[in-house]
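In case you want the letters, here they are:
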Amino acid sequence: MNEMSPLARPRQRKPDWIRVKAPGGAVFGETKAMMRRLNLNTVCEEAACPNIGECWTKKHATVMILGDTCTRACAFCNVKTGMPRAVDALEPQHTADAAAELGLEHIVITSVDRDDLPDGGASQFVKVIEALRRTTPNTTIEILTPDFRNKTQAAVESIVAARPDVYNHNLETVPRLYPTIRPGARYYASLRLLESVKRHDPSIFTKSGVMLGLGEERLEVHQVMDDMRSAEIDFLTMGQYLQPTPRHAKVMDFVTPAVFDAYAAIARAKGFLLVASSPLTRSSYHAGDDFARLRAAREAKLAQR
């Protein structure tokens, strides 16, 4: 029997372990109003994250820089595609102002893909990091970047020189599924990006994530873990893929919490400093708490030498 395409399967009902409360409440509204006042986009909204209610009620938000329009059209992503607007020169300081107003100890900054820009948007990441260091010097900074296709080396060098605390770039899925799920990217190019971060500055934590439920096989996931460890990636996140709209890639399987736990045990055995693996895990979910655990894990490892 031929395997059904992930773009052709009927939509499935979400299991109980995926259900979350609808967002709302006074603090949630305050966070949303502040983002609008500062003209900032968030991946929480644009990517239809299931954890937005919990995070925004705690005044945690992941800022998405370089606008709200992506130059690519990945089959899993809810961010709109098209020709982006000009880069907002006020965005770096507005991001820092948001971090100060929210009282963030740890902030996650991500972006759309900007293949239209000569540097892929790397200089805006640098400006945001610099604005945060000036405005909220005690806030630790985690960035989640695109792959900077055909501009990787110069982009990584400039961002690493600005010294974020965590450099995250998601592999998203197994290599076999890239042509349908992440057609604008290349698996090994993403691995090399993360490897180059460590080569330039080993003190920066590196992080990557994959979505499960897209039709990947167990041994393929194990191989991705091995590839990540070969690139010296410190932190692995694994979460359930959820179909944002009917036109996106279909969910092939709702992976049970027990399977996520099993993957986490295998990943820890392979040597990751930290692993977050559950159906609702997302790249920036509980990122501040995870950063504290990540730093503690490195210190414990160094103490054993």
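Since the model is a prediction, treat every value here as computed from it, not as a measurement. Residue indices follow the written sequence of each chain, beginning from 1 at its first position. Residues qualify for local features only when their pLDDT is at least 70, as the model is predicted, and side-chain atom pairs are given and counted only at 80 or more; totals for whole chains, interfaces and linings, by contrast, use all residues. Computation of side-chain values: all heavy atoms of the structure, hydrogens and water removed.

(A) How the structure looks around the overall build of the chain. Under the scheme used here, helices are H or I runs from DSSP no shorter than 4 residues and strands are E runs no shorter than 2 residues, and both carry numbers assigned from the N terminus. From N to C terminus, the chain includes 11 helices and 10 strands. Throughout this description, buried means an accessible area under 20% of the type-specific maximum (1.4 Å probe, protein chains only), exposed means over 50%, and partly exposed covers the range between. Here the chain holds 305 residues, and the buried ones make up 53% of them. The method behind every accessible area is Shrake-Rupley, applied with a 1.4 Å probe, and residues are considered shielded solely by the protein chains displayed. Summing over all exposed atoms, the chain offers an accessible surface of approximately 14100 Å²; the carbon and sulfur share of this is 53%.

(B) Representation of the side chain of Glu172 within the structure. Structurally, Glu172 can be placed in the loop between β7 (166-168) and α7 (178-181). Among buried charged residues, Glu172 stands out as having no salt bridge; its nearest opposite-charge side chain is Arg182, 5.2 Å away. The contact criterion used throughout is that any non-hydrogen atoms of two residues lie within 4.5 Å. Beyond its immediate chain neighbours, meaning those up to four positions away, Glu172 contacts Phe76, Arg182, Gly209, Val210 and Met211. As used throughout, the charge tally considers Lys and Arg to be positive and Asp and Glu to be negative, leaving His and the chain termini uncounted. Whenever Lys or Arg places a side-chain nitrogen within 4 Å of a carboxyl oxygen from Asp or Glu, that contact is recorded as a salt bridge.

(C) Region of the structure containing the environment of Thr95. Topologically, Thr95 is positioned in helix α4 (residues 91-102). Placed 36 residues apart in sequence, Thr95 and Ala131 show a C-alpha to C-alpha distance of 8.0 Å. If we ignore the near neighbours within four places in the chain, the residues touching Thr95 are Leu40, Val63, Ile65, Ile107, Ile109, Val128 and Leu132.

(D) Spotlight on the state of the cysteines. Cysteine sulfur atoms that pair up within 2.5 Å are treated as a disulfide. According to the stated counting rule, one finds 0 disulfides in the structure shown. Just so you know, Cys74 is unpaired, no disulfide at all, and the nearest cysteine sulfur is the one on Cys77, 6.4 Å from it. Of the residues examined, Cys77 reaches a relative accessible area of 25% and is grouped as partly exposed.

(E) How the structure looks around the pairing of strand β10 (residues 274-277). With burial as the criterion, each face of β10 is covered, one bearing Leu274 and Ala276 and the other bearing Val275 and Ser277. Pairing of strand β9 (residues 235-240) with β10 involves 4 bridges; the strand directions are parallel. Residue pairing in the sheet places Leu236 in a bridge with Val275 of β10. Assignment of crossover handedness uses the view with strands pointing away from the viewer, where a clockwise path from the first strand over the helix to the second indicates a right-handed crossover. Since β9 and β10 lie parallel, the crossover through helix α10 (residues 257-269) that links them has a hand, and here it is right-handed. Each pair of strands is called paired provided DSSP finds at least two bridges between the two strands.

(F) Layout of the pattern of salt bridges. This structure, assessed with the given rule, holds 14 salt bridges. Between Arg72 and Asp147 there is a salt bridge, and its shortest N-O distance comes to 2.7 Å. With Arg72 in the loop between β3 (69-70) and β4 (80-81) and Asp147 in the loop between β6 (140-144) and α6 (152-161), this pair connects stretches of sequence that are 75 residues apart. Residue classification places Asp147 among the buried positions, given a relative accessible area of 5%.

(G) Structural context of the packing of aromatic side chains. Two aromatic rings from Phe, Tyr or Trp, using only the six-membered ring of Trp, form a pair when their centres are within 6.5 Å; if the ring planes differ by under 30 degrees the pair is stacked, by over 60 it is edge-to-face, and anything between is tilted. Following the criterion strictly, the structure yields 4 aromatic pairs and no others. A centroid spacing of 5.7 Å and a plane angle of 90° characterise the contact between Tyr178 and Tyr187, whose relative ring orientation is edge-to-face. Assigned by exposure class, Tyr178 and Tyr187 land together as buried. Taking the centre distance of 5.9 Å and the plane angle of 90° together, the rings of Phe205 and Phe291 count as edge-to-face. With a gap of 86 residues between them, Phe205 in strand β8 (residues 205-212) and Phe291 in helix α11 (residues 287-303) connect regions that are remote in the sequence. Judged by relative accessible area, which is 4%, Phe205 ranks as buried. Judged by its relative accessible area of 5%, Phe291 is buried. Aromatic ring contacts, followed pair by pair, group Tyr178, Tyr187 and Tyr188 into a single cluster.

(H) Quick peek at the side chain of Glu91. For Glu91, the location among the structural elements is in helix α4. Buried and unpaired, Glu91 has Arg114 as its nearest opposite-charge partner, separated by 7.4 Å. Not counting residues up to four positions away in its chain, the partners in contact with Glu91 are Leu40, Met64, Ile65, Leu66, Gly67 and Gln124.

(I) Representation of the layout of surface pockets in the model. Looking at the second largest pocket, its volume works out to about 310 Å³. Here a cavity denotes a set of grid points, spaced 1 Å apart and computed over the protein atoms alone, in which a 1.4 Å probe fits but from which it cannot get out, and a pocket denotes an open set meeting protein on both sides within 12 Å along at least five of seven lines; residues with an atom within 4 Å of a point are reported as lining. In this structure, the second largest pocket is lined by 16 residues; those nearest its centre are Asn39, Asn41, Gly67, Asp68 and Arg85. Polar here means any residue other than Ala, Val, Leu, Ile, Met, Phe, Trp, Tyr, Cys and Pro, which are nonpolar, and Asp, Glu, Lys and Arg, which are charged; Gly is therefore polar. Its residues assigned to classes, the lining of the second largest pocket shows 5 nonpolar, 4 polar and 7 charged. Grid points are joined across faces, edges and corners, and a volume is the space filled by probe spheres set on the points.

(J) Layout of the nonpolar core. One finds Ile109, Ile159, Tyr167 and Met238 to be the most contacted residues of the largest nonpolar core, which totals 75 residues. Element by element, the count of residues in this core is highest for helix α5 (residues 122-135), at 7 residues. Setting aside anything within four residues of it in sequence, one finds Ile109 in contact with Val63, Ile65, Thr95, Phe125, Val128, Leu132, Glu142, Ile143 and Leu144. Joining through side-chain atoms within 4.5 Å is the link that ties buried Ala, Val, Leu, Ile, Met, Phe, Trp, Tyr and Cys residues into a set, and such a set is a nonpolar core. Among the nonpolar cores identified, the runner-up in size contains 8 residues, and Phe205, Phe235, Ala276 and Phe291 belong to it.

(K) Structural context of the packing of helix α8 (residues 187-200) against helix α9 (residues 218-230). Axis definition: a line fit to C-alpha positions, over the contact stretch in the case of helices; interaxial angles, taken between N-to-C directions, run 0 to 180 degrees. Between α8 and α9, the shortest axis-to-axis distance is 9 Å and the interhelical angle comes to 35°. Mapping the contact onto sequence places Tyr187, Tyr188, Leu191 and Glu195 in α8 and Val224, Asp227, Met228 and Ser230 in α9. Here the contact of α8 with α9 is built from residues that sort into 5 nonpolar, 1 polar and 2 charged.

Honestly, that's just the spatial picture; any functional story needs more than this.
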